[in-house]
Amino acid sequence: MARERVYLFDTTLRDGAQTNGVDFTLADKLAIAGMLDELGIDYVEGGYPGANPTDTELFGKDRNLDTVFTAFGMTRRPGRSTSNDTGLAALLDAKADAICFVAKSWDYHVKVALETTNEENLASIRDSVRAAKAKGREVLLDCEHFFDGYKANPKYAMACAKAAYEEGARWVVLCDTNGGTLPDEVEKIVGEVVKVIPGDHVGIHAHNDTEQAVANSFAAVRAGARQIQGTLNGLGERCGNANLVSIIPTLKLKPEFAERFDIGVTEGALKKLAHVSRALDERLNRAPNRHAPYVGESAFATKAGIHASAIKKDPTTYEHVAPELIGNRRKVLVSEQAGKSNILAELDRVGIKVDKNDTRIGRLLEIVKEREAIGYAYESADASFELLARRTLGKVPNYFDVTQFDVNVEQRINAKGERVTVTMAVVKVKVGEDNLISAAEGNGPVNALDLALRKDLGKYQKYIAGLKLTDYRVRILNGGTEAVTRVLIESEDERGERWTTVGVSANIIDASFQALMDSIVFKLLKSEAPL
Ligand SMILES: [Zn+2]
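A. Looking closely at the layout of surface pockets. Computed from the structure, the largest pocket encloses a volume of approximately 850 Å³. In terms of lining, the largest pocket is formed by 33 residues, of which the most central are Arg278, Gly496, Glu497, Arg498 and Trp499. Elements with a minimum of two residues in the lining of the largest pocket: α13 (273–284), α17 (382–392), β16 (468–477), β17 (484–492), β18 (498–505) and α20 (508–526). The element that contributes the greatest number of residues to the lining of the largest pocket is α13, accounting for six residues. Here the residues of the lining of the largest pocket sort into eight nonpolar, five polar and 20 charged.

Set out below in C-alpha cells:
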C-alpha cells in the first residue's frame with residue numbers, strides 16, 4: 001500500500017492560549033513556535049492578529065521558520081463586504097503563510113449567535129476564502145460545531161464545508177467545538193464528509209470533554225481525514241484540546257499508523273518529545289504531569305518487585321514501547337514494597353556498579369524501608385535515593401559541613417506604613433579549612449535559607465552556579481501533634497537536567513534544609529567536583 005501523509009497542525013499558541021491561567025508573552029510565543037518547528041510540526045497557528053497587541057506584533061515579525069505559520073480569525077462579518085471589515089483586513093495583512101478562518105457550520109448558531117441567514121453565512125465563507133486566496137495565502141476553514149451541526153442539519157453543515165473547499169481552501173477542518181462527540185460518531189460523520197471532499201483536504205479539531213480527543217482524532221484519520229489539529233500537553237480551555245504529545249508517538253510507533261502514514265516528525269525529533277513537553281510546562285511554570293502517556297516521569301515506572309526483575313531481563317515484558325524513543329527513561333521505583341531486585345535495577349540505572357551478592361545491598365534495603373516508614377518517599381526523590389545508595393556503599397565525599405544556620409522571620413511596619421514580613425537566613429559553612437558565613441534575604445524562610453546556602457560554597461561555588469530550584473512541594477503526614485512534614489524539592493541545572501530530593505522532619509525548615517543539602521551534594525557529585 002502506498003504511504004500517505006498525515007499533517008499535524010498545532011494550535012497551542014491560539015486555542016491553547018485559552019487555557020485558564022495561561023498567558024503567553026511575545027517571547028513565549030516565539031520560543032514555542034521555534035520548538036514546534038524543530039519538532040517538525042507542519043502548521044503552527046500563532047494567534048489572532050488584530051485581536052490583541054501580542055498577536056498583532058507576532059504577525060508583524062519575520063520569523064524564519066519552516067513550518068506553515070498560520071493566522072487565525074473570523075470570516076467576514078454578515079452584511080459587510082470583505083473590503084469593509086477591519087477584522088478581516090488585519091488578518092489579510094498579517095505576515096502569515098496561511099490563514100485559518102473559523103465559521104459557523106451549525107444552522108442553529110448561524111441564527112442565534114450570528115443573527116443572520118444560512119445563505120449569508122455561506123456567502124461569508126466563500127468571500128473570505130476567495131479574499132485570502134487572492135492575497136496568495138494558503139487557506140483553512142475551521143467548521144465550528146461541525147459534528148453537532150451535522151447531527152442537527154447534515155445538509156447545511158456539509159454546505160459550509162463544501163463552500164470553502166470549492167473556493168479553493170486547502171483544508172476543511174471539522175471541529176468538535178463542545179468536545180462531546182464520541183469516536184464512533186466521529187468516524188461515521190467523517191466517513192460521510194470524505195465522500196464529498198477528498199480526505200487529504202479534511203482535518204479534525206477535537207476537544208477533550210469526554211477524555212477522547214486523541215481517540216477522536218484517530219477515528220477521523222481512520223475514516224479518511226489527513227490533518228490533525230491539537231496542542232502540546234493537551235492545553236486548551238475546559239478539558240483541553242487533542243494532545244499532540246500523545247498523538248505523535250502513536251502515529252510514529254504503532255503499526256496501524258506507522259505502516260501506513262508519514263508525518264513531518266523524524267525519529268530524531270521524536271527523541272526530543274519528552275523534553276519539548278517538559279519545556280512547555282517549565283515556561284508555564286507548571287509541574288509536569290508525571291502520569292502523562294509516553295512522556296511523563298511515571299510513564300515507564302514500575303513498582304512491584306516481580307515486575308522489576310522481569311523488566312531487567314527484558315523490558316518488553318512490561319513496556320508497550322521503548323521509553324528512549326520519545327526521550328523518556330525507564331524507572332524502577334524504590335518503595336516500601338521494594339525487593340532486592342528493585343534496588344539492583346535502580347542501582348544499575350543510575351550507574352552504580354555493585355555485585356548482586358554484596359551484603360551492603362541488604363543493608364541499603366533495610367535503610368530505605370526504615371526511612372520510608374517515617375515519611376521519606378524515595379520513589380519520588382531519585383536523587384536522594386542515589387545519594388543514600390552511594391553513602392551506604394561509601395561513595396560520597398564529604399564536600400562541606402554546615403556548622404550552623406539561623407533563619408529569622410520578622411513582621412513589622414515599614415517606612416511607608418505598610419505591614420511587611422522580612423525573612424533573613426545566615427549560614428556557616430566549613431569547606432576544607434575555610435570557615436564561610438553567608439547571609440541572604442528571601443521571600444520566605446526556605447527561600448532565604450536556600451539563597452544563603454548557595455551564596456558562597458568557596459571552591460565549590462562554580463559547580464553549583466547553574467543550579468536552580470524549579471518546584472517545592474510540602475506535605476503534612478499523619479496530622480495532629482505528631483505531624484511530620486515531607487518536603488520534595490525539584491532542581492534543574494544549566495544543562496536542563498532535573499532531579500528531586502526529599503527531606504522529612506517535624507520542622508518544615510529542617511525538612512527543607514535536608515532536601516536542599518541533598519540537591520547541592522547531588523549536583524557536586526554529578527559535576528564530579530574534586531575533593
Ligand atoms: Zn478549539
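Anyway, onward from the coordinates.
B. Highlighting the coordination of the zinc ion. Within the protein, Asp15 (OD), His205 (NE2) and His207 (NE2) serve as the donor atoms for the zinc ion, at 2.0 to 2.2 Å. When the donors of the zinc ion are listed by position in the chain, the intervening gaps give D-x189-H-x1-H. Note on accessibility: histidine 205 and histidine 207 belong to one class, buried.

C. Just the pattern of salt bridges, in detail. For the structure shown, the criterion picks out 41 salt bridges. Note that aspartate 28 and arginine 283 form a salt bridge whose closest N and O atoms lie 2.6 Å from each other. Of the two residues, aspartate 28 is situated in helix α1 (residues 26–39) and arginine 283 in helix α13; the sequence distance between them amounts to 255 residues. Taking the relative accessible area as the measure of exposure, arginine 283 reaches 40% and is therefore partly exposed.

D. Region of the structure containing the packing of aromatic side chains. Per the counting criterion, the structure on display carries 13 aromatic pairs. Here the aromatic rings of tyrosine 48 and phenylalanine 72 are separated by 5.5 Å at their centres, their planes lie at 90°, and the arrangement is edge-to-face. With tyrosine 48 in the loop between β3 (43–47) and α2 (53–58) and phenylalanine 72 in strand β4 (residues 68–74), this residue pair connects regions lying 24 residues apart in the sequence. A residue is classified by how much of its surface remains accessible, and tyrosine 48, at 28% relative accessible area, is partly exposed. Take phenylalanine 72: its relative accessible area is 6%, and that puts it in the buried class. Centre to centre, the rings of phenylalanine 257 and phenylalanine 261 are 6.4 Å apart; their planes meet at 25°, and the pair counts as stacked. Residue classification places phenylalanine 257 among the buried residues on the basis of a relative accessible area of 4%. Of the residues examined, phenylalanine 261 reaches a relative accessible area of 4% and is grouped as buried. By way of ring pairs, the aromatic residues Phe146, Phe147 and Tyr150 are connected into one cluster. Residue placement shows arginine 5 over the ring face of tyrosine 7; its charged tip is 4.6 Å from the ring centre.

E. Local environment of the pairing of strand β9 (residues 227–230). Neither face of β9 is exposed, since Gln227 and Gln229 on one face and Ile228 and Gly230 on the opposite face are all buried. Sheet analysis places strand β2 (residues 7–10) next to β9, joined by four bridges and oriented parallel. Across the sheet, the residue bridging to tyrosine 7 is glutamine 227, located in β9. Tracing the backbone out of strand β8 (residues 202–206), into helix α9 (residues 213–223) and back to the parallel element β9 gives a crossover that is right-handed.

The rules behind each value
- Residues numbered from 1 in each chain as written.
- Predicted model: local features only at pLDDT ≥ 70, side-chain atom pairs only at ≥ 80, totals over all residues.
- Heavy atoms only, no water.
- 1 Å grid on protein atoms, 1.4 Å probe; cavity = no way out; pocket = protein on both sides within 12 Å on 5 of 7 lines; lining within 4 Å.
- Points joined across faces, edges and corners; volume = space filled by probe spheres on them.
- Helix = DSSP H or I, 4+ residues; strand = E, 2+ residues; numbered from the N terminus.
- Nonpolar A, V, L, I, M, F, W, Y, C, P; charged D, E, K, R; others polar.
- Donors = N, O, S within 2.8 Å, 3.2 Å for Na, K, Ca; no water.
- Buried < 20%, exposed > 50% of the residue type's maximum accessible area, 1.4 Å probe, protein only.
- Salt bridge = Lys/Arg side-chain N within 4 Å of Asp/Glu carboxyl O.
- Phe/Tyr/Trp six-rings, centres within 6.5 Å; stacked < 30°, edge-to-face > 60°.
- Lys NZ or Arg CZ within 6 Å of the ring centre and 35° of its normal.
- Pairing = 2+ DSSP bridges.
- Right-handed = clockwise from strand over helix to strand, strands pointing away.

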